[in-house]
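Structural overview
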Amino acid sequence: MKKAEIEHLATLSRIKLSESEVEKFESELSSIMTYVSQVSEIVAKDTDSEPVVGKVHNVFRKDKISNAANEFSDDILREMPETDGRYLQVKKILQTEE
Amino acid sequence: MKTITELREEYIAGTTTPTQVVAEALELIKSKNKEINAFLDIYEESLEQAKEATKLYAEKGSDTPELLGIPVALKNNILLKGQKATGASKILENYTAVYDATVVRKLKEAGAIFVGSTNMDEFAMGGSTENSAFGPTLNPLDTERVPGGSSGGSAAAVAMEAVPVAIGTDTGGSVRQPASFCGVVGFKPTYGAVSRYGLMAMGSSLDQAGPLTKTVGDAELVHNIMSGVDEMDATTINEDTYEQVSVKDKLVFGVPRKFMAEGVDPDVLEAFEKHVELLKTEGHEVVDIDLPLFEQGLAAYYVVMPAEVSSNLARYDGIRYGLSVEGDNLLDVYEKSRAEGFGDEVKRRILLGTHVLSSGYYDAYYTKAQLARVKMREELDSVFSKVDIILTPTAPTPAFKLGEKKEPLSMYKQDIFTVPVNLTGVPAISFPMGTVERDEKSLPVGVQYIGPHGGDARLFAIAKKVYDERL
């Protein structure tokens, strides 16, 4: 893997990496990827299986209210980094052009 | 610390009380934890709960819930309402759980008393508990060595005699490998046997919670309380999901010799051979089996698991809860919070997962790895038509020294025998099979019994005979 690839992955992953981290992950991820490439050998000859693991079936439950109104609200609000009254406050998402 | 079964008998007989036992547990944790660092939090209020339990025993004796007054330690990636749930990560350092995990609810209903939360590798990623943001846990049997991981704190809590049972989670061996390193019993249930509701998700198609105990009987008792269908986890199974698995007296054990030919310490193999001999003298049949795909399981695991990690950990973004680092705009807040909040191993796996899921690589890696799991299940089905249990060492080595495994790949290879179990969803148990000598110290090593889907009861039945009855 190349430096630019690691930087691209960091952006996709929303993690700011320092120069030294980029270098470290570049060599580490390369050796890990070389190792995991074996996975293609396991199934090289198989073309008709579906990549679905285990028994898959629909599971339903009643769409009912299971807690009292506001039962958890205060606890959840307390965990928020920034609030405005009973609202979660976030940074502006749409930037206006200057 | 006595076993759950012993404590329960003494509570009912009145020869000891939950108050005494919990007080002793708290005392011991306080005196030993400075060195071992198995516990992240100690719950002082447990003493009050113990007094209540003591009263109940005086009034009702055996007509009380099964775990009443039993002290339990809980891995810190499992939610206990009102207590900190950090996942041993800086990003959740100050996070308080707002609800109980299903396993916690069930243990509470059975009367268990939580005395503290245990240390772990950050978000359960690692095999040594060195990846904790709050410092490593040391192995109580040799403090120069790691307790294994990621449930290292839970294994150490049992090994240091603080509690008769600690709950862990197992995504690729995180209950069984530390059990092996600390000389205790560790159980990974059939996938879906235990609800994942309220567990911090790591690899959702792999994660299961399981007990670490001193006896197989205790592990069975606690597992039976924690398991069952849960409408909050759509992947939980019922008794009809898999075909009935018989419980027999004489079993056929399969040993994947080729799989074990490389990378296992010679004295670990020696202890394993002794165990094989023991099974034969007990009248069981031991045969060689071939599991060619299992040998490549680790490669598939390091595609599937990081892929699920990268998706599951997207929720930690500095917006709704957890660490939030100020930034110029929303993207900047995400990137800085995650940069500061996550440790190296977590970042490594998120990047890896993002890579194998990204356009152009998805089919080459992720689809292939999922296909590999399907093929591995087929291979297992055919093996289990001939044998009742598959036998391997739990880990290729005894506990290693702190700082010894710096290369990520060398750490990953610790899990060679345990990850195929999670990839295929079958149950497995680890219990001590003997000891090996390192630096003039005796270190325990575990044996792993792997059963077919839904074969949890078969594993407990045979492991009780082989292990508990010899204690």
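Only a predicted model underlies this, so the values are computations on that prediction, with no experimental measurement involved. Position labels on residues start from 1 in each chain and follow its written sequence. Chains carry letters from A onward and ligands carry numbers from 1 onward, assigned in written order. Totals for whole chains, interfaces and linings use every residue, but because this is a predicted model, local features are given only for residues with pLDDT of at least 70 and side-chain atom pairs only at 80 or more, for both listing and counting.

**Focus on the overall build of chain B**
Here is the rule we go by: For helices the rule is a DSSP run of H or I covering at least 4 residues; for strands it is a run of E covering at least 2, with both sets numbered from the N terminus onward. With the radius of gyration taken over C-alpha atoms, the globule rule is written as 2.2 Å times the number of residues to the power 0.38. Partly exposed residues are those whose C-beta has more than 12 but fewer than 20 other C-beta atoms within 10 Å; 20 or more makes a residue buried and 12 or fewer makes it exposed, with C-beta atoms placed from the backbone. By the convention adopted here, residues make contact when the C-beta atoms placed from their backbones lie within 7 Å.
Secondary structure assignment for chain B yields 15 helices and 11 strands. Over its C-alpha atoms chain B spans a radius of gyration of 21 Å, differing by no more than 12% from the 23 Å that the globule rule assigns to 471 residues. Taken over the C-alpha atoms alone, chain B extends approximately 65 × 65 × 50 Å along its principal axes. Counting all 471 residues of chain B, 61% fall into the buried class. Contacts in chain B between residues at least 24 apart in sequence constitute 75% of all its contacts with a sequence separation of at least 6.

**Digging into the sheet that holds strand S10 (residues 428-438) of chain B**
Residue and element names in this part refer to chain B. The cut-off we apply is this: Any two strands between which DSSP finds at least two bridges are classified as paired. Fitted lines through C-alpha atoms serve as axes, helices being fitted only where they are in contact, and the angles separating the N-to-C directions of these axes extend from 0 to 180 degrees.
Read from one edge of the open sheet, 11 strands run S1-S3-S2-S4-S6-S5-S10-S11-S9-S7-S8, paired in mixed fashion. Of all the strands in the sheet, just strand S1 (39-42) and strand S8 (285-288) have a single pairing partner and so form its edges. Each neighbouring strand pair of the sheet contributes to a mean axis angle of 30°, computed without reference to strand direction. In terms of strand pairing, strand S5 (residues 185-188) meets strand S6 (residues 208-213) through two bridges, oriented antiparallel. Paired with Val185 across the strands is Thr213, a residue of S6.

**Side note on helix H5 (residues 152-159) of chain B**
Residue and element names in this part refer to chain B. Burial of H5 is extensive: eight of the eight residues sit out of reach of the surface. Restricting attention to buried positions, one finds in H5 the residues Gly152, Gly153, Ser154, Ala155, Ala156, Ala157, Val158 and Ala159. Where H5 terminates, the next one or two residues include Glu161, which has phi positive at roughly 70°.

**Side note on the nonpolar core**
All names here are of chain B. Keep this limit in mind: The nonpolar core is taken to be a set of buried Ala, Val, Leu, Ile, Met, Phe, Trp, Tyr and Cys residues joined by way of C-beta atoms within 7 Å.
Ranked by size, the top nonpolar core spans 155 residues in total, and within it Val72, Val115 and Val303 carry the most contacts. Counting residues per element, this core draws most heavily on helix H9 (residues 297-312), which supplies 10 residues. If sequence neighbours within four positions are ignored, Val115 has contacts with Val22, Ala25, Leu26, Ile29, Ile42, Tyr43, Ser46, Pro71, Val72, Ala73 and Val163.

**Topic: the pairing of strand S3 (residues 113-118) of chain B**
Every regular strand shows the same layout, with side chains that alternate between the two sheet faces. Residues and elements named next belong to chain B. Counting buried residues in S3 gives six out of six residues, a clear majority hidden from the surface. As judged from the three bridges shared by S1 and S3, these two strands associate in the antiparallel manner. In the strand pairing of S3, Ile42 is matched with Gly116. The sheet contact formed by strand S2 (residues 71-75) and S3 spans five bridges and is parallel. Across the sheet, the residue bridging to Leu74 is Ser117, located in S3.

**A closer look at the confidence of the model for chain A**
Inclusion rule: Confidence of the predictor in every single residue is expressed as pLDDT, which spans 0 to 100.
For chain A, per-residue confidence averages 89 on the pLDDT scale, and residues scoring 70 or more make up 94% of the total. The least confident element of chain A, judged by mean pLDDT, is helix H3 (residues 39-42) of chain A at 81; the most confident is helix H1 (residues 3-13) of chain A at 97.

**Some remarks on the interface of chain B and chain A**
The partner chain A presents 39 residues to the 52 residues of chain B that form the contact. For the side of chain B that touches chain A, the elements supplying multiple residues, two or more each, are H9, helix H10 (330-341), helix H11 (344-357), helix H12 (362-384) and helix H13 (408-412) of chain B. Broken down by element, the side of chain B that touches chain A gets its largest block of residues, 11 residues, from H12 of chain B.

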